[in-house]
Amino acid sequence: MSSYRLRSFSHWLLALFLTFTAVGQVAAQDAATVSKEGVTPGATAAAAPAAAAGSAAGAGSAEAIAAGDALFKGNCAQCHAVNDVVVGPALSGIDKRRPLPWIIKWVKNSSKMVASGDEYAVKIFNEYQKQQMPSFALSDAEITSIVAYVKSEEGKGGGATAKTDGGTPAVDGQAPTTGDDAASGKYVNVVLIVLIVVLIVLVVTLVIIANIMKDVLRGRKDLDGRDVEILDQKTDWMGVLKSGWFKGIVGTLFVLVVLYESIQGIMAVGLTQGYQPAQPIAFSHKLHAGEHQINCAYCHTSVYKSKSANIPSANICMNCHSQIKTTSPEIKKIYRAIQRQQPIQWVRIHNLPDLAYFNHSQHTQVGGIECQTCHGPIQNMDVVYQYSALTMGWCINCHRETPLNTKGNGYYDNLVKLHNEANAGAPFTVSSNGGTECSKCHY
């Protein structure tokens, strides 16, 4: 065998190794892509409260039922289900048990009805351990739409948590994770592991074959001096380590690594991505928002209507926990805070600098941005941590990538027309509407 054939064999060995390495990297990237689905800025639909939808549509129309669905999830689902008893009674058939005017009065001020001596109100109050239902500042039309939604859901099966076959519960504004999604993620991991094992086996096999071929070739007598030299050559590792070019490469790499880490450290000053402090009470978003499907707006009541998403007060916790898990050590901490008339000292996680203006309602109510867009898979977190970087660049990229929903809003008609004339085919994003101007966030 000539030296050319020996070199060709080594080239084939290197090519196979690089090929399988590249395939493994592609599979790993696919796995990472699957794991990040659902948190792309602008990719999820809004789930803002439908305050006016019920009044604009008929009591039994699809619009009224959709409005009632949103209102039910935001206000009622924490204590009630349509076909099951939760904290309060099942609501199935409520329109047959009580007339609509009575239901409206009860929702607006149940305490007043109990105090007035209303027979049915007192009966319900006593039957459910004298648990007082909070009053709701809902309009007659909104309450009517909730009743319409309840009627539409009667007899559809128990359980307040919507699930898909073999999957995880659906979270408001997010598609549920199905069994197929979970299976695809596991499939990618299995393929990646198989590829790595095959790569290792191939490399070991090729090394063994190469050594066997060398042994065979050494026994041949028709090799010229150059072939024998190639067969017998050994790598002088000490010579390589002492060589100037090796020292130059190592030195250059060291300088580049130090420089890169220094720049990263400087850029990370003030950033708290991944921050996960211990809280005074072990509250689990995975349990409440994930498994029990409690709408974010039930606890963070101002998230759709205020600049800030407020921290819930203890009385919101007591709406459920005056009856549920009352002996839990963690729930007793809430009782102690109420008895001492002191707020619970929650540790703030997401904290923007004072120089940056941010309005929750502008993003959630007007922009239709989901909580998960910024806060990540909050419904899967036992202990909340800061998911996103929340840097200026992160916000600007979102404004550049997120399209504005301008349909049916005449305010944008001329702006969209001018934008399309100047940028044919480009979407009308937040940035197109001035969303990257300095004065939008700094003033």
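Source: prediction; values computed, not measured.

Caption draft 1: How the structure looks around the overall build of the protein. Along the backbone of the protein there are 21 helices and 0 strands. Put simply, the protein has 443 residues, and 31% of those count as buried. Contacts spanning at least 24 positions in sequence make up 67% of the contacts within the protein whose residues lie at least 6 apart. Accessible surface, the protein: about 27700 Å² in total, of which carbon and sulfur atoms supply 60%.

Caption draft 2: Layout of the packing of helix α3 (residues 62-75) against helix α8 (residues 140-153). It is the contact of α3 with α8, at a shortest axis distance of 7 Å, that shows an interaxial angle of 95 degrees. Taken together, the axes of α3 and α8 are roughly perpendicular relative to one another. In this structure, α3 uses Ala64, Ile65, Ala67, Gly68, Asp69, Leu71 and Phe72 to contact α8, whose residues at the interface are Glu142, Ser145, Ile146, Ala148, Tyr149, Val150 and Ser152. Classifying every residue of the contact of α3 with α8 by side-chain character gives 9 nonpolar, 3 polar and 2 charged.

Caption draft 3: Spotlight on helix α15 (residues 314-321). Burial analysis of α15 places 7 of its 8 residues in the buried class, which makes it a mostly covered element. Among the residues of α15, Ala314, Ile316, Cys317, Met318, Asn319, Cys320 and His321 are the ones counted as buried. The secondary structure elements touched by the buried residues of α15 are α13 (285-291), α14 (296-299) and α16 (329-339).

Caption draft 4: Examining a nonpolar patch on the surface more closely. Nonpolar side chains collect at one region of the surface, where Ile196, Ile200, Val204, Ile208, Ile212 and Val216 lie side by side and expose about 540 Å² of accessible area between them. Looking at where Ile200 falls in the secondary structure, it is placed in helix α9 (residues 179-218).

Caption draft 5: The pattern of salt bridges, seen in detail. Scanning the entire structure with this criterion turns up 5 salt bridges. A salt bridge links Asp95 to Lys151, with the shortest nitrogen-to-oxygen separation between them at 3.8 Å. Placement of the pair is Asp95 in helix α4 (residues 94-97) and Lys151 in helix α8, with a sequence separation of 56 residues.

Caption draft 6: Region of the structure containing the nonpolar core. Residues Phe72, Trp102, Ile103, Trp106, Leu138, Ile146 and Val150 are the most contacted members of the largest nonpolar core, which totals 27 residues. With residues up to four places along the chain from it excluded, the contact list for Val150 reads Phe72, Val82, Leu91, Ser92 and Ile94. Ile281, Ala314, Met318 and Ala337 belong to the second-largest nonpolar core, a separate cluster that totals 8 residues.

Caption draft 7: Region of interest: the packing of helix α5 (residues 100-108) against α8. Look at α5 against α8: their axes get within 10 Å of each other, and the N-to-C directions meet at 110 degrees. Classified by the angle their axes make, α5 and α8 are roughly perpendicular. The element α5 and its partner α8 pack so that their crossing is right-handed. Listed contacts from α8 to Leu100, Ile103, Ile104, Val107 and Lys108 of α5 are Asp140, Ile143, Thr144 and Val147.

Caption draft 8: Spatial organisation of unusual backbone geometry. In this structure, Lys325 is a non-glycine residue whose phi angle is positive, near 50 degrees. On the secondary structure map, Lys325 appears in the loop between α15 and α16. Given the relative accessible area of 55%, Lys325 is considered exposed. Phi is positive for Gln341, close to 55 degrees, though the residue is something other than glycine. On the secondary structure map, Gln341 appears in the loop between α16 and α17 (360-366). Classification of Gln341 as exposed rests on a relative accessible area of 75%.

Caption draft 9: Local environment of the environment of Cys438. Locating Cys438 in the fold gives a position in helix α21 (residues 438-441). The exposed category is assigned to Cys438, whose relative accessible area is 60%. Sequence separation of Cys438 and Ala356 is 82 residues, and the distance between their C-alpha atoms is 9.9 Å.

Caption draft 10: A look at the packing of aromatic side chains. As enumerated under the stated definition, the model contains 8 aromatic pairs in all. Centroid distance Tyr357 to Tyr443: 5.4 Å. Interplanar angle 45 degrees. Geometry classified as tilted. You can see Tyr357 sitting in the loop between α16 and α17 and its partner Tyr443 sitting in the segment after α21, a full 86 residues away along the chain. Taking relative accessible area as the criterion, Tyr357 reaches 30% and is therefore assigned partly exposed. A centroid spacing of 6.2 Å and a plane angle of 70 degrees characterise the contact between Tyr412 and Phe428, whose relative ring orientation is edge-to-face. Separated by 16 residues along the polypeptide, Tyr412 in the loop between α19 (392-401) and α20 (413-422) and Phe428 in the loop between α20 and α21 bring together distant segments of the chain. Accessibility classification places Tyr412 together with Phe428 in one group, the buried group. Feature note: the residues Trp102, Trp106 and Tyr120 constitute an aromatic cluster, connected by ring pairs.

What counts, and where the lines are drawn
- Residues numbered from 1 in each chain as written.
- Predicted model: local features only at pLDDT ≥ 70, side-chain atom pairs only at ≥ 80, totals over all residues.
- Heavy atoms only, no water.
- Helix = DSSP H or I, 4+ residues; strand = E, 2+ residues; numbered from the N terminus.
- Buried < 20%, exposed > 50% of the residue type's maximum accessible area, 1.4 Å probe, protein only.
- Contact = heavy atoms within 4.5 Å.
- Areas by Shrake-Rupley, 256 points an atom, 1.4 Å probe, with all protein chains shown as cover.
- Axes fitted to C-alpha atoms, helices over the stretch in contact; angles between N-to-C directions.
- Parallel < 35°, antiparallel > 145°, perpendicular 65-115°, else oblique.
- Nonpolar A, V, L, I, M, F, W, Y, C, P; charged D, E, K, R; others polar.
- Patch = residues over 30% accessible without salt bridge, like charges linked within 9 Å, V, L, I, M, F, W, Y side chains within 5 Å.
- Salt bridge = Lys/Arg side-chain N within 4 Å of Asp/Glu carboxyl O.
- Core = buried A, V, L, I, M, F, W, Y, C linked by side-chain atoms within 4.5 Å.
- Left-handed = near helix turned anticlockwise from the far one by under 90°.
- Phe/Tyr/Trp six-rings, centres within 6.5 Å; stacked < 30°, edge-to-face > 60°.

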